[in-house]
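Next come the chains, spelled out residue by residue.
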Amino acid sequence: MAIERTFSIIKPDATARNLTGAVNAMIEQAGLRIIAQKRVRIPRNQAETFYGVHKARPFFGELVDFMISGPVVVQVLEGENAIAKYREIMGATDPSKAAPNTIRKAHAKSIGENSVHGSDAPDTAAQEIAQFFAGNEIVG
Ligand code: CMP
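Residues numbered from 1 in each chain as written. Predicted model: local features only at pLDDT ≥ 70, side-chain atom pairs only at ≥ 80, totals over all residues. Heavy atoms only, no water.

A. Structural detail: the sheet that holds strand E4 (residues 116-118). Read from one edge to the other, the open sheet built from four strands follows the order E2-E3-E1-E4, with strand pairing classed as antiparallel. Each of the sheet's edge strands pairs with one partner strand only, and the pair in question is strand E2 (33-40) and E4. Across the sheet, the axes of successive neighbouring strands diverge by a mean angle of 20°, strand direction being ignored. For E2 and strand E3 (residues 72-80), the ladder comprises seven bridges, and the chain directions are antiparallel. Each residue of the ladder has a partner; that of lysine 38, found in E3, is valine 74. (Pairing = 2+ DSSP bridges. Helix = DSSP H or I, 4+ residues; strand = E, 2+ residues; numbered from the N terminus. Axes fitted to C-alpha atoms, helices over the stretch in contact; angles between N-to-C directions.)

Spelled out as structure tokens, the structure:
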């Protein structure tokens, strides 16, 4: 199976509750390696660009406001089938529909404040990683 990279965000609801380590433990237990990580506040214009695909959705404003409301931890994860594997351990977007033993089932508060983001495909993973990390910040 191919070694892939995916992009992850530990969102403001999780950093506010001091859950970075708990989320990272679930990531590492699943066999993914955290090969880049930094804690940042996302500027509004960067959040709007990052979630540009959702611009027409009714929740866009709320989503951007939430993502800039506090610190986030941005990460690059590496491993076999990393994109699908991370989406599996994150669980469904809506935590009430998330499977047991997933990050969102364990920690998310709502569909908006859902603790983590993970890329959905190889092209978006590459784009999202490049929005937050220079090549020399990623150490595989
Ligand atoms: P994420 O994986 O970061 O990608 C887009 C985000 O939009 C998603 O997680 C949710 O946090 C958010 N989102 C999706 N649907 C809704 C909704 N109905 N209301 C508020 N936020 C939403």
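B. Quick look at the site of the ligand. Taken together, Lys11, Tyr51, His54, Phe59, Glu62, Leu63, Thr93, Arg104, Ile111, Gly112, Asn114 and His117 make up all the residues around the ligand. Lysine 11 places a side-chain nitrogen or oxygen 2.7 Å from an oxygen atom of the ligand. Measuring from an oxygen atom of the ligand, one finds a side-chain N or O atom of histidine 117 at 3.0 Å. Summarising the interface, the protein chains cover 80% of the accessible area of the ligand, which totals 460 Å² for the free molecule. The cavity that encloses the ligand is the largest pocket. A per-class count over the shell around the ligand returns four nonpolar, five polar and three charged. (Near = heavy atom within 4 Å. Polar contact = N/O pair within 3.5 Å; in protein donor to acceptor, adjacent residues only side chain to side chain. Areas by Shrake-Rupley, 256 points an atom, 1.4 Å probe, with all protein chains shown as cover. 1 Å grid on protein atoms, 1.4 Å probe; cavity = no way out; pocket = protein on both sides within 12 Å on 5 of 7 lines; lining within 4 Å. Sits in = over half its atoms within 2 Å of the grid points. Nonpolar A, V, L, I, M, F, W, Y, C, P; charged D, E, K, R; others polar.)

C. Local environment of the nonpolar core. Core analysis: the largest hydrophobic core is formed by 20 residues, its most contacted members being Phe7, Met67 and Phe133. Secondary structure elements with two or more residues in this core: strand E1 (3-10), E2, helix H3 (44-50), helix H4 (60-67), E3 and helix H7 (122-132). Counting residues per element, this core draws most heavily on H4, which supplies five residues. Not counting residues up to four positions away in its chain, the partners in contact with phenylalanine 133 are Phe7, Ala36, Gln37, Lys38, Val74, Gln75, Val76 and Ile138. (Core = buried A, V, L, I, M, F, W, Y, C linked by side-chain atoms within 4.5 Å. Buried < 20%, exposed > 50% of the residue type's maximum accessible area, 1.4 Å probe, protein only. Contact = heavy atoms within 4.5 Å.)

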